[in-house]
Amino acid sequence: MKLLKRTIMLLLSVVLVGGSVLEASADRVYDARNNRWVDASEMQSSGRGGSRIKRTKVDYETKLAAGTIIVETSERRLYYVLGNGKAMRYGVGVGRDGFRWSGSHRITRKAEWPGWTPPPAMRKRVPGLPAYMPGGPKNPLGARALYIGSTIYRLHGTAEPWTIGQAVSSGCIRLTNDDIIDLYNRTKVGARVIVRH
């Protein structure tokens, strides 16, 4: 009987400690100013709040079809082509040095409150990341995700709105949760995505 009680207590402590580790890793964010991962509370208490870049309808002359998404990484802006010389402009966070990319693809999948499976290379760079994190408010992918072709990249929301306008990600394009929900509702699977430097 004592052995059974000890075994149960040991299993409970493993579950509790494992849950604490997962929760702690969920609250880690990348601080581009210091080039390190820190607790989210540290970033929030440092005077960082939401994004100052507001979604805006703008003039945008292009021959690209309505529904096309253009990411201008150097501007830290995303344009959703509306047609008739107009576009919705969103502020975005882009890949930091060494993680920027460009190209043309299609949106292949959409997901609400997506789960996150960090790629093996990221888990190697950032020890302590979980193998999988379920969707929710603390998930790095935020409220919505638009999957880009067969790449590992996505347009997604973020639990770190203060990073919009910065180069901080591992290649994904992040928007505030409000903005990704707006973009998600406008975008169809199959829409063209162009990422430019």
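Conventions we followed
Residues numbered from 1 in each chain as written. Predicted model: local features only at pLDDT ≥ 70, side-chain atom pairs only at ≥ 80, totals over all residues. Heavy atoms only, no water. Helix = DSSP H or I, 4+ residues; strand = E, 2+ residues; numbered from the N terminus. Buried < 20%, exposed > 50% of the residue type's maximum accessible area, 1.4 Å probe, protein only. Polar contact = N/O pair within 3.5 Å; in protein donor to acceptor, adjacent residues only side chain to side chain. pLDDT = per-residue confidence, 0-100. Contact = heavy atoms within 4.5 Å. 1 Å grid on protein atoms, 1.4 Å probe; cavity = no way out; pocket = protein on both sides within 12 Å on 5 of 7 lines; lining within 4 Å. Points joined across faces, edges and corners; volume = space filled by probe spheres on them. Nonpolar A, V, L, I, M, F, W, Y, C, P; charged D, E, K, R; others polar. Phe/Tyr/Trp six-rings, centres within 6.5 Å; stacked < 30°, edge-to-face > 60°. Pairing = 2+ DSSP bridges. Salt bridge = Lys/Arg side-chain N within 4 Å of Asp/Glu carboxyl O.

## Some remarks on the environment of Asp 97
(1) Moving on: Within the secondary structure layout, Asp 97 lies in the loop between strand S7 (94-95) and strand S8 (103-112).
(2) Moving on: For Asp 97, a relative accessible area of 61% translates into the label exposed.
(3) Moving on: Along the sequence, Asp 97 and Gly 171 sit 74 residues apart, while their C-alpha atoms lie 9.4 Å from each other.
(4) Moving on: In terms of polar contacts, Asp 97 uses its side chain to reach the side chain of Arg 100, at 2.8 Å.

## What to know about the confidence of the model for the protein chain
(1) Moving on: When pLDDT is averaged along the protein chain, the result is 82, and 75% of the positions lie at 70 or above.
(2) Moving on: Considering only residues more than four positions removed or in separate chains, one finds that residues 3-26, a stretch of pLDDT under 50, has eight contacts.
(3) Moving on: Contacts for the low-pLDDT stretch residues 41-47, under 50 throughout, to residues beyond four places or in other chains number ten contacts.

## A few points about empty space enclosed by the protein
(1) Moving on: Scanning all chains against the criterion turns up one cavity of 30 Å³ or more.
(2) Moving on: Lining the largest cavity, in full, are Thr 73, Val 94, Gly 95, Arg 100, Trp 101, Gly 171 and Ile 173.
(3) Moving on: When the residues that make up the lining of the largest cavity are grouped by side-chain class, the tally is three nonpolar, three polar and one charged.

## Considering the packing of aromatic side chains
(1) Moving on: Going through the model one piece at a time under the given rule, you end up with two aromatic pairs.
(2) Moving on: Between Tyr 60 and Tyr 79, the aromatic rings sit 4.6 Å apart at their centres with planes inclined by 20 degrees, giving stacked as the arrangement. Pair noted here: Tyr 60 is in the loop between strand S3 (56-59) and strand S4 (69-72) and Tyr 79 is in strand S5 (residues 77-83), with a separation of 19 residues, a long-range link. The same class applies to Tyr 60 and to Tyr 79, which are both buried.

## Quick notes on the pairing of strand S9 (residues 144-148)
(1) Moving on: Of all five residues making up S9, five are buried, and the element is well covered by its neighbours.
(2) Moving on: Burial of the side chains of S9 extends over both faces: Arg 144, Leu 146 and Ile 148 are buried on one face and Ala 145 and Tyr 147 on the other.
(3) Moving on: Relative to S9, S8 runs antiparallel, the two being bridged by five bridges. Residue Ile 107 lies in a different strand from S9, and its bridge partner there is Ile 148.
(4) Moving on: Taken together, the three bridges between S9 and strand S10 (residues 154-156) define a ladder with antiparallel strand orientation. Residue Ala 145 lies in a different strand from S10, and its bridge partner there is His 156.
(5) Moving on: Between S9 and S10, which follow one another and run antiparallel, lie five residues, and Gly 149 among them has a positive phi close to 50 degrees.

## Side note on the pattern of salt bridges
(1) Moving on: Within this structure, the stated rule accounts for seven salt bridges.
(2) Moving on: For Arg 55, the salt bridge is made with Asp 182, and the minimal N-O distance between the two is 3.9 Å. One end of the pair, Arg 55, is in the loop between helix H2 (40-45) and S3; the other, Asp 182, is in helix H4 (residues 177-186), with 127 residues separating them in the sequence.
(3) Moving on: Given the relative accessible area of 35%, Arg 55 is considered partly exposed.
(4) Moving on: Looking at Asp 182, the relative accessible area reads 18%, which means it is buried.
(5) Moving on: Salt-bridge contacts for Arg 196 lead to Glu 72; the nearest nitrogen and oxygen are separated by 2.8 Å. Linking Arg 196 in strand S13 (residues 192-196) with Glu 72 in strand S4, this pair joins segments that are 124 residues apart in sequence.
(6) Moving on: A relative accessible area of 34% means that Arg 196 is categorised as partly exposed.

## Section: unusual backbone geometry
(1) Moving on: Positive phi, normally seen in glycine, also occurs at Arg 76, with a value near 60 degrees.
(2) Moving on: Inspection of the secondary structure assignment puts Arg 76 in the loop between S4 and S5.

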